[in-house]
Amino acid sequence: MVRESSWYALGLLFRDGPGDRQRAADILDAILKQQYLTPGVRWYGTYKRTPEEPDPSANAVIWRAYDPNWRVFIGTTFAMILIEYPERISAELSHRMYEAIDRAIEGEIAEGRLVPSYTNIALMYGSLWDFAAVHDGRADWKKRSSAWNESVYRLFKQHDTFSEYNSPTYCGVDLYGLALWRDYGSTRRMRTIGSEMEAGLWRDLADYYQPELRNISGPYDRAYGMDMEKYVSVVGVWMRTVLDAPVAPLPKITPATDHVADVWFAPHLAILGTSIPADAMAKVKHFTGEHLVRKQISDDRVATAWIGNRVIFGGESTRKTKDAGPTTQFHPATIQWRAPSGEIGWVQLLECPPVDAVADKQGLAISTNGSVRFRIYAKGTIPGGLQAKAWSLPGLNIAVSSDAKNFSITESGATVDVIYSDITQMRLEIHVSN
């Protein structure tokens, strides 16, 4: 994997043990050979995801044939190497890396697809553009990169949050981008607003975090899993830098661990350092009591969550502007608890039409118009215990009221899906059982 190899090269230069410099140089040389060098194509300046990946064709589809985000993931890693360890690589390799960064910026400008609300990429892009502008002495890039960064900040300040909201993976990348601003920004202004947004994001995440469950409650704008004890999230990697392994929200790391490649972000975090406000750190380390979270994300969207002693659940109200489908990472209603097996049990609203979901102390209220599918995981779940008006789960009981016309169940491996057809309103009353 090309991107992850760049992360490994940074780690080697950070460690700087016997043979590490040469191995890193060999890796960086191989990565540079994977960059697309033909100006005028949409993927100019990005990289192959693997060396075996074929070159995109004229009608290439973004994300399928190429990933433009590799420009900034690899570019910011190059920038960290050039800032932190210039004496550990050759002048020739350094020159090639600077040229590769310039191509990445030129390609992003030419493609014109990026917007400030694409938070994690926008933050890395702002840092890389600023770095390239200063190194190249380009006043035009400096002016434009500063304007870009101010637009990202203005968007954040509308509600003191990012529109790409509450993602255990992508909020971790946001924290990386903000740490780049905080440490490497070329102006005091950039460093200051980077630190401000970083602190605000940590406080937001800490409000949703239940340290005894080792999970961040939903709702999730973009999530790859429902249990941070089972998959590697970048926020979990950040938390591991300040928490001991037995209490950090990370699974055991093996080649088969879900999203294991994200653990290779560790060198970046170790070098940049973790900057958590004291009040947020207290919530990350110890459960400070049950509480309701309510956060305005945008004019149309509000997230709510109940962080309880033994169960956490959340919902996102969107004024029915967002839906969830089988390929989406958006989960507008979620529930997590510690099941009798010791594992985290969870429920996620997997598929639904445009939806409003609101959490309160007792449960979740859901408003939509169509059919909804919930996915349930809890070891020991008996499908017969799932009825239209009540779900009896290991360690959790949920009373359901709705105007659904039909109810059905499908089983798939360790999970069970429950489907309610033709509904407009639904209420889930959530009770932890002994």
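Structure shown above.
Source: prediction; values computed, not measured. (Residues numbered from 1 in each chain as written. Predicted model: local features only at pLDDT ≥ 70, side-chain atom pairs only at ≥ 80, totals over all residues. Heavy atoms only, no water.)

Draft legend 1. A look at the overall build of the chain. Along the chain, the regular secondary structure elements total eleven helices and 14 strands. Against the compact-globule benchmark of 22 Å for 434 residues, the chain has a radius of gyration of 23 Å, which places it among compact chains. Structurally, the chain occupies a C-alpha span of about 70 × 45 × 40 Å along its principal axes. Counting only residues that meet the buried cut, the chain has 58% of its 434 residues in that class. Long-range pairs, those at least 24 residues apart, make up 64% of the contacts in the chain between residues at least 6 apart in sequence. In the form shown here, the chain has an accessible surface area of approximately 17600 Å², with 52% of it arising from carbon and sulfur atoms. Taking the 47 positively charged and 51 negatively charged side chains of the chain as two groups, their mean positions are separated by 2 Å. (Helix = DSSP H or I, 4+ residues; strand = E, 2+ residues; numbered from the N terminus. Rg over C-alpha atoms; globule rule 2.2 N^0.38 Å. Buried < 20%, exposed > 50% of the residue type's maximum accessible area, 1.4 Å probe, protein only. Contact = heavy atoms within 4.5 Å. Areas by Shrake-Rupley, 256 points an atom, 1.4 Å probe, with all protein chains shown as cover. Lys, Arg positive; Asp, Glu negative; His and termini not counted. Charge placed at Lys NZ, Arg CZ, Asp CG, Glu CD.)

Draft legend 2. Representation of the environment of glutamine 425 within the structure. Assignment of secondary structure puts glutamine 425 in strand S14 (residues 415-432). The spatial distance from the C-alpha of glutamine 425 to the C-alpha of tyrosine 220 is 21 Å, given a sequence separation of 205 residues. Separated by 3.3 Å, the side chains of glutamine 425 and serine 367 make a polar contact. (Polar contact = N/O pair within 3.5 Å; in protein donor to acceptor, adjacent residues only side chain to side chain.)

Draft legend 3. Quick peek at the nonpolar core. By size, the foremost hydrophobic cluster in this structure holds 101 residues, and its most contacted members are Leu28, Phe78 and Met97. Per-element accounting of this core gives the leading share, ten residues, to helix H5 (residues 119-136). For phenylalanine 78, the residues in contact, after removing those within four places along its chain, are Leu28, Ile31, Leu32, Tyr47, Met97, Ala100 and Ile101. Counting residues in each nonpolar core, the second largest holds 34 residues, with Val347, Ile366, Leu393 and Val400 among its members. (Core = buried A, V, L, I, M, F, W, Y, C linked by side-chain atoms within 4.5 Å.)

Draft legend 4. Summary view of the environment of glutamate 212. Along the chain, the position of glutamate 212 falls in the loop between strand S1 (209-210) and strand S2 (215-216). With sequence-adjacent residues up to four places away left out, glutamate 212 is seen in contact with Phe287, Asn309 and Arg338.

Draft legend 5. Helix H8 (residues 188-208), seen in detail. Look at H8: 31 Å from first C-alpha to last across 21 residues, which is about the 30 Å you get at 1.5 Å a residue. Of all the positions in H8, only Met190, Ile193, Gly194, Met197, Glu198, Ala199, Leu201, Trp202, Asp204, Leu205, Ala206 and Tyr208 are classed as buried. (Expected span 1.5 Å × (residues − 1).)

Draft legend 6. Molecular detail of the pattern of salt bridges. All chains considered together, the criterion is met by 37 salt bridges. Across the pair lysine 157 and glutamate 196 runs a salt bridge, and its minimum N-O distance is 3.0 Å. Of this pair, lysine 157 sits in helix H6 (residues 139-159) while glutamate 196 is found in helix H8, placing the two residues 39 residues apart along the sequence. Three or more residues joined by partner-sharing salt bridges are found here, namely Asp16, Arg21, Glu87 and Arg88. (Salt bridge = Lys/Arg side-chain N within 4 Å of Asp/Glu carboxyl O.)

Draft legend 7. Layout of the pairing of strand S9 (residues 363-377). Pairing of strand S7 (residues 344-351) with S9, which is carried by five bridges, proceeds in the antiparallel orientation. By the bridge assignment for S9, glutamate 351 is matched with arginine 373. Note: strand S8 (residues 356-359) against S9, four bridges, orientation antiparallel. Considered in S9, the bridge of valine 358 is made with alanine 365. Between S8 and S9, which pair antiparallel one after the other, the connecting turn spans three residues. (Pairing = 2+ DSSP bridges.)

Draft legend 8. Layout of the packing of aromatic side chains. Counting across every chain of the model gives 17 aromatic pairs. For the pair tyrosine 125 and tryptophan 148, a centre-to-centre distance of 5.3 Å together with 85 degrees between the ring planes defines the contact as edge-to-face. Separated by 23 residues along the polypeptide, tyrosine 125 in helix H5 and tryptophan 148 in helix H6 bring together distant segments of the chain. Judged by its relative accessible area of 4%, tyrosine 125 is buried. (Phe/Tyr/Trp six-rings, centres within 6.5 Å; stacked < 30°, edge-to-face > 60°.)

Draft legend 9. Representation of the packing of helix H7 (residues 170-184) against H8 in the model. At their nearest, the axes of H7 and H8 sit 7 Å apart, and the two run at 155 degrees to each other. Of the possible angle classes, the one that applies to H7 and H8 is roughly antiparallel. Here H7 runs over H8; the crossing is left-handed. Facing Cys171, Asp174, Leu175, Leu178, Ala179, Trp181 and Arg182 of H7, the residues of H8 in contact are Met190, Arg191, Ile193, Gly194, Ser195, Met197, Glu198, Leu201, Trp202 and Leu205. Classifying every residue of the contact of H7 with H8 by side-chain character gives eleven nonpolar, two polar and four charged. (Axes fitted to C-alpha atoms, helices over the stretch in contact; angles between N-to-C directions. Parallel < 35°, antiparallel > 145°, perpendicular 65-115°, else oblique. Left-handed = near helix turned anticlockwise from the far one by under 90°. Nonpolar A, V, L, I, M, F, W, Y, C, P; charged D, E, K, R; others polar.)

Draft legend 10. Layout of helix H2 (residues 20-32). For H2, which comprises 13 residues, the first-to-last C-alpha distance of 18 Å matches the rise-based estimate of 18 Å (1.5 Å per residue) to within 8%. Taken together, the buried positions of H2 are occupied by Asp20, Ala24, Ile27, Leu28, Ile31 and Leu32. Within H2, the buried residues cover an arc of 135 degrees as seen down the axis, which keeps them to one side. On the buried face of H2, the contacting elements are helix H1 (2-15), helix H3 (70-84) and helix H4 (91-111). (Arc of directions from axis to C-beta.)

Draft legend 11. Highlighting the pairing of strand S11 (residues 390-393). Of the two faces of S11, the one lined by Trp391 and Leu393 is fully buried and the one lined by Ala390 and Ser392 carries no buried residue. Across two bridges, strand S10 (residues 386-387) lies against S11 in antiparallel orientation. Residue glutamine 387 lies in a different strand from S11, and its bridge partner there is alanine 390. The turn joining S10 and S11, which pair antiparallel and follow one another in sequence, is formed by two residues. Summarising the sheet, S11 and strand S12 (residues 396-402) pair through four bridges and their orientation is antiparallel. Opposite serine 392, over in S12, you have asparagine 397 as the bridge partner.

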